[in-house]
Amino acid sequence: MECEKLSTVLPADGILNAPDGFCFIDDLPAEASYELRLDTHTHCKFVLHLGPQGQHIRRRTIFSLCGENAKLDAHVLIQAAGNQCIEWLGIQRHLVKNTESNLLIKSTAENGAKISIISKIIIDAPATESCAHFQNKNLVLSSRARVIARPELEIHANDVHCSHGATIGGIDPTEEFYLRSRGISQRAAKTILQRAFAEEILCQMPNDAPYN
Amino acid sequence: MSENLEEFATPGNFSYATEYAHDAGRGLREETVRYISKVKNEPRWLLNFRLRALKIFEAMPIPPWIPVDLAPLQFDQIRYYLAKDQEPKRRWEDVPDEVKATFDRLGVPENERKFLAGVEAQFDSEMAYASLRQSLAEKGVIFVNSTEGLLQHESIFRPHFGKVVPPADNKFSALNSAVFSGGSFIYIPKGAKLEQPLQAYFRINAEQFGQFERTLIIVDEDAEVTYLEGCTAPRFESSTLHAAVVELIAMPRAKVQYITVQNWSSNVYNLVTKRGTARESAEIRWIDCNIGSRLTMKYPCVVLAGTRARGEMVSISVAHHGQYQDTGAKMIHNASHTSSHIMAKSISIQDGVAAYRGTTRVAKSAKNCKNYTRCDALMIHPESVSKTSPTLDVNGNLAQVQHEATVSRVSDEQIRYLRQRGLGESQAMGLLVNGFLNELLREFPMEYGVELKRLMEMEMEQR
């Protein structure tokens, strides 16, 4: 799949009609708001890494599935440390039938960081036989960090497959103990587990992505 | 009594003409509150509490996120207090025949009453019948209405009254605090374990009459209680408001189970605030079933204030044509080693809207807290609507919070399979809907579970 950077292809009005078969990389600055429209028989990927952009980061992203048989796979990695404050506001909107969208968001919060993830799936009444999934996993690494997750569903058609799930938790002590019993220091064990947590999304990132 | 019953020619017409000895009139002003307080012979502090709450109610705006237009609810047209001039009755024989006739319409069987540990039926704002069985009295259980509780058992109830749900919590808790009447005040002494559930029947019986009952249950250390509340309301033309406040206090190691079956008529606006505080190792369970009303907004909450406290919520909501069921749960983890569990299932039929709205919050000081939330929605018709909006708010790295939600429908294959086995379409539908709910229906006491199953089958036959 070919890659496109959003900073080069996004029109001034913030609405991008996505062509088929591309992987879009969000490399926009800290504050950005845009809409990605997928037309008939369009299959797209979307990758985003939030964290290095700045102290206060805010993303407002709308994925609109406007054409039949459109499909979207989106992966978002959020890494907040220090006193960073990161907000994600996403909408997966299905307007017509036979559309599919999958969104996976993974986040880690260190030190006194704050992460807020509000993500909504909207299925309009004509969007029957649609499939929408949202998964959100959050790893809190410090007692001072805070994560707020609000996964929402709004469904106006009954012949659909929809689900969402969200978890918030710390590092699994049994996993950490396993690594430590193999002679790995506590610090290294934490880094390994953190890296493993992010790997699911990092492996989706193309090699020439700006963050790798 | 049978003569009285003959008046009910049309089935389903539960309305019953009653004369009221005390009527505060329509609308809400300071005089209305003073009138209620005077009729009830309340002390100065309680009147001041009501007046303070009235000021809060007037100052607070209607929450902007209320999903349904509240315009049909004209606050100045509601009658805030109606009561028959009668003392609560202790013996069944003393209950007036016309009240008994209403109970017969409610379907409270005579023989069942003997098994009920304490029957308390609220007839409009005052209690028409309240009997405590000897065994309960011996255990030191206090089961009275709100006026009696605050007047005669002030030392027990006053310290906790309005503490779990303060008047300023929201607009409708302020309204309730200003004009409350009726409801149950219960105290379970240390170590008392009640095998039989305590039960109350609520009923609205005057057009445009908002019922504002107030319930306060204090369960002392190591005590256990189950409280049942079921509602039916008469059919009325204009909108009715029901704004109740329920406060639970579970002292260390106490267990409380609060079961509600709500089946108001479809013009009732049901805006209820329910909250419980669980101290060390205490357990609070809300079991909630919402079938009726025009709009229900109810988010029972457990504040886990002591270590190792546990909160649980089991919720069923059914939204029919024209109904909006906005239900959910709140779990506030303020202490370490606390756990909570939320199971919510909703069914939307025709253009009914079933919504889950919930919050799970883990405070900074709380360590090793666990929460699991699961929401399942079943959509029967193509025009049905389902919404889910949970909030997970976690401070610190030592909590485990999980949320899951799925949406499904009854598939054609399932129907076809059951029809092949000789079931009619509506029977098949009833069976599948009951299968969806079965896991949670088991949490209800058996007679409620059986009734609810029948109700679901009837609903599906009508479709």
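Criteria and thresholds
- Residues numbered from 1 in each chain as written.
- Chains lettered and ligands numbered in written order.
- Predicted model: local features only at pLDDT ≥ 70, side-chain atom pairs only at ≥ 80, totals over all residues.
- Helix = DSSP H or I, 4+ residues; strand = E, 2+ residues; numbered from the N terminus.
- Contact = placed C-beta atoms within 7 Å.
- Expected span 1.5 Å × (residues − 1).
- Bend = angle between axes of the 7 residues up to and from the residue.
- Domains from an automatic or database assignment.
- Nonpolar A, V, L, I, M, F, W, Y, C, P; charged D, E, K, R; others polar.
- Pairing = 2+ DSSP bridges.
- Buried ≥ 20, exposed ≤ 12 C-beta atoms within 10 Å, placed from the backbone.
- Axes fitted to C-alpha atoms, helices over the stretch in contact; angles between N-to-C directions.
- Parallel < 35°, antiparallel > 145°, perpendicular 65-115°, else oblique.
- Left-handed = near helix turned anticlockwise from the far one by under 90°.

Counting secondary structure elements, chain B contains 12 helices and 24 strands. Of the contacts made within chain B by residues no fewer than 6 positions apart, 83% connect residues no fewer than 24 positions apart.

Okay, helix H3 (residues 186-202) of chain A next. Under the 1.5 Å per step criterion, the end-to-end length of H3(A) is 23 Å for 17 residues, consistent within 8% with the ideal 24 Å. A:Ala196 marks where H3(A) bends most, by close to 25°.

All names here are of chain B. Under the domain assignment used here, chain B contains domain 1 (2-298) and domain 2 (418-463). Of all the secondary structure elements, the ones that give two or more residues to the side of domain 1 that touches domain 2 are strand S12 (255-263) and strand S14 (283-290). Residues belonging to the side of domain 1 that touches domain 2 are distributed by class as follows: seven nonpolar, no polar and no charged.

Here we take up the interface of chain A and chain B. Listed per partner, the contact involves 29 residues of chain A and 29 residues of chain B. With 10 residues, the top contributor of residues to the side of chain A that touches chain B is strand S12 (residues 146-155) of chain A. Among the residues forming the side of chain A that touches chain B, the class breakdown is 14 nonpolar, 10 polar and five charged. Bridge analysis of S12(A) against strand S23 (residues 385-395) of chain B gives seven bridges, and the strand direction is antiparallel. Residue pairing for S23(B): A:Leu153 is matched across the bridge by B:Thr388.

Under the 1.5 Å per step criterion, the end-to-end length of helix H11 (residues 425-441) of chain B is 23 Å for 17 residues, consistent within 8% with the ideal 24 Å. The sharpest bend along H11(B) measures roughly 40° and falls at B:Gly435.

All names here are of chain B. Here S12 lies mainly inside the structure; eight of its nine residues are buried. As paired strands, S12 and S14 are joined by eight bridges and run parallel to one another. If you follow valine 261 over to S14, its bridge partner there is cysteine 289.

Each packed pair of helices is defined by two parameters, the angle between the axes and the distance between the axes. All names here are of chain A. Interhelical geometry of helix H2 (residues 173-181) versus H3 gives an angle of 125° and a closest axis separation of 9 Å. When the axes of H2 and H3 are compared, the pair comes out oblique. Here the hand of the crossing between H2 and H3 comes out right-handed. Contacts from Glu175, Glu176, Leu179 and Arg180 of H2 reach H3 at Gln186, Ala189, Ile192 and Leu193. Here the residues of the contact of H2 with H3 are counted per class, giving four nonpolar, one polar and three charged.

All names here are of chain B. Contact geometry for helix H3 (residues 44-59) and helix H9 (residues 171-179): axes closest at 7 Å, N-to-C directions at 150°. Looking at the two axes, H3 sits roughly antiparallel to H9. Seen from above, H3 lies across H9 with left-handed handedness. Residues Phe49, Arg50, Ala53, Leu54, Ile56 and Phe57 of H3 form the contact with H9, whose participating residues are Lys171, Ala174, Leu175, Ser177 and Ala178.

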